[in-house]
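# Understanding the architecture of this molecule
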Amino acid sequence: MTTALVTGASAGIGAEFCRQLAASGHNLVLVARTPDRLEASAAALRAEHGIRVEVLAADLADRADLQRVADRLTLTGADHVDLLVNNAGFGMDRAFLDADISQEERALDVMCRAVLVLSHAAGRAMTKSGYGGIINVSSVASFVAMGTYSAVKAWVTTFSEGLAVDLAPHGVVVTALCPGFTHTEFHERAQMNMSHLPQALWLDARDVVDEALADARRGRPISVPGLPYKVLTGVLTVLPRGLVTRASSALARGRRNRSGQVISRG
């Protein structure tokens, strides 16, 4: 039986990864900052699917906590992790100069440095065993230019593409998952008014994760769920970059006028 480690596992897309992986027979290692929610999720997954579920409470912005998660990825034998899902993260709808710099630094720590460190640990372990997979949750925002969030997600997408090439000869698949707006609890928790967004642009977390896992099985380095976002990202890659950045800036200003909240994914 294989084992998957999922960060940001307590809610949203991360929790959906856990549900679908458990249903397919994976043992799980759940990582997030909230031990109570992790324990509740673990108990439910064990009861429903009869799998082994470990709980690893960690703040990925804390280097000691991050190293504990990295160390878990290096274990061998029955404790070997076959699939790493780097999902933890958060988004900020504030202009860069209006944001607290500590929050900007935290974004880099959680969504860049943690992905770097955990992918390194998992990649080394998986190449030794000759198989495995890494799914790094990025965003369609990685194709535009909307402040720090776009920047960190652009790094995740590009990093994943390069790592996919490096690890493919060793039997390890790397996929950057780039979803658009997805129905989770976090917009409500952040009290963001998303009523302006057309229903056609909303994705269901179940569909996002299902497509991501299917694309990973196919060995695809980038997974963009949903036809509207496939079309959008295809267009963005051929448009002049100056046009993309100007349109991105205008859209970002409009969103900040409606909300200045932060959305967290664990």
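On a predicted model such as this, the values are computed, not experimentally measured, just so you know.

### Focus: the overall build of the protein chain
Check the secondary structure of the protein chain and you find nine helices and 11 strands. Here the analysis covers contacts within the protein chain between residues at least 6 apart in sequence; of these, 71% occur between residues at least 24 apart. Carbon and sulfur atoms form 55% of the exposed surface of the protein chain, whose accessible area is close to 12200 Å².

### Concerning helix α3 (residues 63-73)
Among the residues of α3, D65, L66, V69, A70, R72 and L73 are the ones counted as buried. Buried residues along α3 cover an arc of 155 degrees about the axis, so they all sit on one side. Opposite the packed face of α3, turned more than 90 degrees from it, sit the exposed residues R63 and A64. Buried positions along α3 lie against β1 (3-7), β2 (27-32), β3 (53-57), β4 (83-86) and α4 (101-129). Capping of α3 at its N-terminal end is provided by D62; its side-chain oxygen lies 3.0 Å from the backbone amide nitrogen of A64.

### Description of the environment of D59
Tracing the backbone through its elements, the reader meets D59 in the loop between β3 and α3. Judged by relative accessible area, D59 falls into the partly exposed class, the value being 22%. Spatially, the C-alpha atoms of D59 and A88 are 9.6 Å apart, while their sequence positions differ by 29 residues. With residues up to four places along the chain from it excluded, the contact list for D59 reads R33, D65, L66 and R106.

### Details of the pairing of strand β6 (residues 132-137)
Burial runs high along β6: six of the six residues are buried. Side-chain alternation along β6 places G132, I134 and N136 on one buried face and G133, I135 and V137 on a second face that is also buried. Inspection of the sheet shows β4 paired to β6 by four bridges, in the parallel sense. Along β6, the bridge assignment pairs L84 with I134. As for the winding sense of the linkage, the β-α-β connection from β6 through helix α5 (residues 147-167) to strand β7 (residues 172-177) is right-handed.

### With respect to the confidence of the model for the protein chain
Here the protein chain averages 86 in pLDDT, while 80% of its residues score no lower than 70. Here residues 186-193 scores under 50 on pLDDT; set against residues more than four positions off or in separate chains, the count is 20 contacts. Low pLDDT (under 50) marks residues 259-266, which in the prediction has 42 contacts with non-local residues, meaning those over four places away or in another chain.

### Overview of the packing of aromatic side chains
Evaluated as defined, the whole model comprises one aromatic pair. Geometrically, the ring pair formed by W155 and F159 is stacked, given 4.7 Å between the ring centres and 5 degrees between the ring planes. Of this pair, W155 and F159 are both found in helix α5, four residues apart, which corresponds to roughly one turn of the helix. Under the relative-accessibility criterion, W155 is labelled partly exposed at 30%.

Basis of the calculations
Residues numbered from 1 in each chain as written. Predicted model: local features only at pLDDT ≥ 70, side-chain atom pairs only at ≥ 80, totals over all residues. Heavy atoms only, no water. Helix = DSSP H or I, 4+ residues; strand = E, 2+ residues; numbered from the N terminus. Contact = heavy atoms within 4.5 Å. Areas by Shrake-Rupley, 256 points an atom, 1.4 Å probe, with all protein chains shown as cover. Buried < 20%, exposed > 50% of the residue type's maximum accessible area, 1.4 Å probe, protein only. Arc of directions from axis to C-beta. Polar contact = N/O pair within 3.5 Å; in protein donor to acceptor, adjacent residues only side chain to side chain. Pairing = 2+ DSSP bridges. Right-handed = clockwise from strand over helix to strand, strands pointing away. pLDDT = per-residue confidence, 0-100. Phe/Tyr/Trp six-rings, centres within 6.5 Å; stacked < 30°, edge-to-face > 60°.

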